[in-house]
Amino acid sequence: MHGHISDPEALRAVDRAAPMRQRSNGHVRLQAGPAHPGGATRIIDLAESGPSRLRFPRGNGALEAVLVNTAGGVACGDHFAIAIDLAAGGDLVLTTTAAEKIYRSDGPVSRIENHVSLSAGAKLAWLPQETILFDRARVRRRFEADLAPGAALVAAEIVAFGRAARGERIADGLFADAWRVRRAGRLVYADSFVLEGPISELLARPAIGGGAGACATLLDASDGAETRLDEVRARLAEVGAPGIEAAASAWNGHLAIRALSSAVGPLRGLIARFLAGYRGLPMPRVWQS
């Protein structure tokens, strides 16, 4: 027997329901490290699925990995995950080919889950380009790092709340971001940040964003990071720009920077200038294009 709906209100409810879609599931797993102590970092194993791909431009020094999302963005319940295992002495820079766009959702929440594991003496610079949230975007993002003694992690994330060039505001949305860093199995850094509802209106409040349209977080969880606080504050003053507020603090063996800006362009420029000086290395080439 084939059933049918005769109640007009029930029919309208069905029409209003969020449609079922085939969603993107992109996963990348990378193992990398030197073939011998002191050698160049190379790929040991690489697995890719869905629209997620890693590309490795030729260069000198650290192995550079560029993450590509062939789906063109994230939306409506998509799930993306990255897992990186860096062997002892490995040196890796991870970035993205372009800004990651989080499109509007009609209900489902997308998930982005990133996990890195660094063995003794390994170095990772986690430097994706900015994430742009569209109006009604809904996403939960998580970054977890497990560091062995002597491992070095520098991680930076920039988020733009709407496209400032188009005067876009986020009237409704969800952005949840959680960071967890462990050293030798002990939790040393935990940060949870959630904005839900009229995000642009919330950011306009002095106690939340003071009118900001973009924010950035930078974390250095390397040995000696805490001792560089005075240097970092001086560098921030040197590379600062009008309309950007940035501050640094250091505790528990690591150093963190928070920055707010009315637009993402100037903030991206500040982070790039700061990192180039702080690391003593140029930014990945995709940042410069």
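Scroll up a little and you will see the structure.
Cut-offs used in this document
Residues numbered from 1 in each chain as written. Predicted model: local features only at pLDDT ≥ 70, side-chain atom pairs only at ≥ 80, totals over all residues. Heavy atoms only, no water. Axes fitted to C-alpha atoms, helices over the stretch in contact; angles between N-to-C directions. Helix = DSSP H or I, 4+ residues; strand = E, 2+ residues; numbered from the N terminus. Parallel < 35°, antiparallel > 145°, perpendicular 65-115°, else oblique. Left-handed = near helix turned anticlockwise from the far one by under 90°. Contact = heavy atoms within 4.5 Å. Nonpolar A, V, L, I, M, F, W, Y, C, P; charged D, E, K, R; others polar. Core = buried A, V, L, I, M, F, W, Y, C linked by side-chain atoms within 4.5 Å. Buried < 20%, exposed > 50% of the residue type's maximum accessible area, 1.4 Å probe, protein only. Pairing = 2+ DSSP bridges.

**Considerations on the packing of helix 3 (residues 229-239) against helix 4 (residues 264-279)**
Then, number 1: Helix 4 packs onto helix 3 with a crossing angle of 135° between their chain directions and a minimal axis gap of 10 Å. Our classification of the angle between helix 3 and helix 4 gives oblique. Crossing of helix 3 against helix 4: the hand is right-handed. In this structure, helix 3 contributes E231, V232, R235, L236 and V239 to the contact, and helix 4 contributes L270, R273, F274, G277 and Y278.
Then, number 2: Of the residues belonging to the contact of helix 3 with helix 4, the class tally is six nonpolar, one polar and three charged.

**Notes on the nonpolar core**
Then, number 1: In terms of nonpolar packing, the biggest core is built from 35 residues, with V232, I257, L267, F274 and L275 touching the most fellow members.
Then, number 2: Listing elements by their share of this core, those giving two or more residues are strand 12 (152-161), strand 15 (214-220), helix 3, strand 16 (244-251), strand 17 (254-261) and helix 4.
Then, number 3: Among the elements that take part in this core, helix 4 stands out by supplying eight residues, more than any other.
Then, number 4: Not counting residues up to four positions away in its chain, the partners in contact with V232 are A248, L255, I257, F274 and Y278.
Then, number 5: Of all hydrophobic cores here, the second largest spans 30 residues; its members include V28, I82, I84 and W126.

**So, the sheet that holds strand 13 (residues 173-183)**
Sheet strands line up and pair through hydrogen bonds in the backbone, either parallel or antiparallel.
Then, number 1: Taken together, the seven strands give an open sheet; going across it, the order is 2-1-5-8-11-13-14, and neighbouring strands pair in mixed fashion. The strands lining the two open edges of the sheet, one partner per strand, are strand 2 (41-49) and strand 14 (186-197). Along the sheet, successive strands turn relative to each other by an average axial angle of 5°, direction set aside.
Then, number 2: Of the strand pairs in this sheet, strand 5 (residues 79-86) and strand 8 (residues 110-118) are connected by eight bridges, and their pairing is parallel. Looking across to strand 8, one finds that D85 is bridged to S117.

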